[in-house]
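# A closer look at the structure
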Amino acid sequence: MPPLRTALLQSSGRLGDTADNLKALEEAATRAAQAGAGLLVTSEMFLTGYALEIEDIARLAEPADGMSARAIGEIARRHGLAVLYGYPERDGDAVYNAAQLVGPDGERLANYRKTHLFGCFEQAAFTPGDTPVVQADLGGLRVGVMICYDVEFPENVRAHALAGTDLLLVPTAQMHPFQFVAEQLVPVRAFENQMYIAYVNRTGPEGEFEFVGLSCLASPDGVTRTRAGRGEELVFGEADPELLRVSRETNPYLRDRRPGLYASLV
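We now turn to the structure provided with this report. (Residues numbered from 1 in each chain as written. Predicted model: local features only at pLDDT ≥ 70, side-chain atom pairs only at ≥ 80, totals over all residues. Heavy atoms only, no water.)

### So, the layout of surface pockets
Formally: Grid points spaced at 1 Å and placed over the protein atoms alone form the basis of the search, with a cavity being a set where a 1.4 Å probe fits but cannot get out and a pocket an open set showing protein on both sides within 12 Å along at least five of seven lines. Lining residues have an atom within 4 Å of a point. Grid points are joined across faces, edges and corners, and a volume is the space filled by probe spheres set on the points. Helix and strand assignments follow DSSP, with helices taken as H or I runs no shorter than four residues and strands as E runs no shorter than two, numbered in order from the N terminus. In this count, Pro and Cys sit with the nonpolar residues alongside Ala, Val, Leu, Ile, Met, Phe, Trp and Tyr, while Asp, Glu, Lys and Arg are called charged and the others, Gly among them, polar.
Within this model, the largest pocket holds a volume of roughly 330 Å³. Around the largest pocket, the lining residues are P154, E155, R158, L162, E192, N193, Y253, R257, Y262, A263, L265 and V266. Residue assignment for the lining of the largest pocket shows that the elements contributing at least two residues are α5 (154-162) and α6 (180-193). Among the elements that take part in the lining of the largest pocket, α5 stands out by supplying 4 residues, more than any other. Split into classes, the residues belonging to the lining of the largest pocket amount to 7 nonpolar, 1 polar and 4 charged. Estimated volume of the second largest pocket: approximately 170 Å³. If you trace the second largest pocket, you find 14 residues lining it, with L9, S11, A24, E27 and E232 closest to the centre. Elements that contribute at least two residues to the lining of the second largest pocket include exactly β1 (4-10), α1 (18-34) and β14 (233-239). Ranked by the residues each element gives to the lining of the second largest pocket, the list is headed by α1, at 6 residues. Grouping the amino acids of the lining of the second largest pocket by side-chain chemistry returns 4 nonpolar, 4 polar and 6 charged.

Pasting the structure below:
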């Protein structure tokens, strides 16, 4: 199975302007497809922006099959690549911080709701999701989804490893002074769980936040295969099933676990 060329769109888009952010996604999809990518991953809340007033998040939130989802499905179909995008999802009276994966045929493959909400802002704006492991098959890989703060919980990522996730997609809104998460924690998570992790951040000032960029694709051997800087970038990396196979044969973490000793964790 050939590697899955993955494009990481490090961008904050335009705050509160869904239409403009869809145009930016179209432009990125064009560039990604031209570069041979089979998957394009955006940042957390890419569709609307992150640092919104709570009432604006509620106003801009859309159902998983809403107008923007259909527009992104058409972008994916037109360019023949899968797209993972962050957005506020409305389901009845509840609003979730969500990420949706659309396949290269434009059909939805997975929808994930952030399970660990960070800080007072998110806890006031969103309902937490309750499904920690959401997966889909893409390009010969089992792809999982989580959002930002979720990846900082080792149990969360280990659950994905035990469920067979090969490539974990993590749209994020990582802010100053927590850049060590992108620089150090994410590559360690990839190594200890024997998976690829695509960690895709926002960048620059937005409201009270200063997003640090540093998006990366970390591989199961602990190597960072691609790394963005602090500005707007589209960077590429390969998720290689063969490297994954060899790394898992070499690294015994998952084989050497003793779950009977870990009962106190739950």
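Picking up where we left off.
### What to know about the state of the cysteines
Spelled out, the test is: The definition used for a disulfide is geometric: two cysteine sulfur atoms within 2.5 Å.
Throughout the structure, instances matching the rule amount to 0 disulfides. C120 carries a free sulfur, and the closest cysteine sulfur to it, the one in C148, is 16 Å from it.

### Details of the pattern of salt bridges
Keep this limit in mind: Here a salt bridge means any side-chain nitrogen of Lys or Arg lying within 4 Å of a carboxyl oxygen belonging to Asp or Glu. In this scheme, a residue with accessible area under 20% of its type's maximum is buried, one over 50% is exposed, and one in between is partly exposed, where area comes from a 1.4 Å probe on protein chains only.
By the definition in use, this model includes 18 salt bridges. Measuring nitrogen to oxygen at the nearest pair gives 2.8 Å for the salt bridge that ties R113 to E89. Note that R113 is positioned in strand β5 (residues 108-113) and E89 in strand β3 (residues 82-91), a separation of 24 residues in sequence. Accessibility expressed as a relative area gives 23% for R113, which makes it partly exposed. We note a salt bridge from R142 to D137, for which the minimum N-O separation is 2.5 Å.

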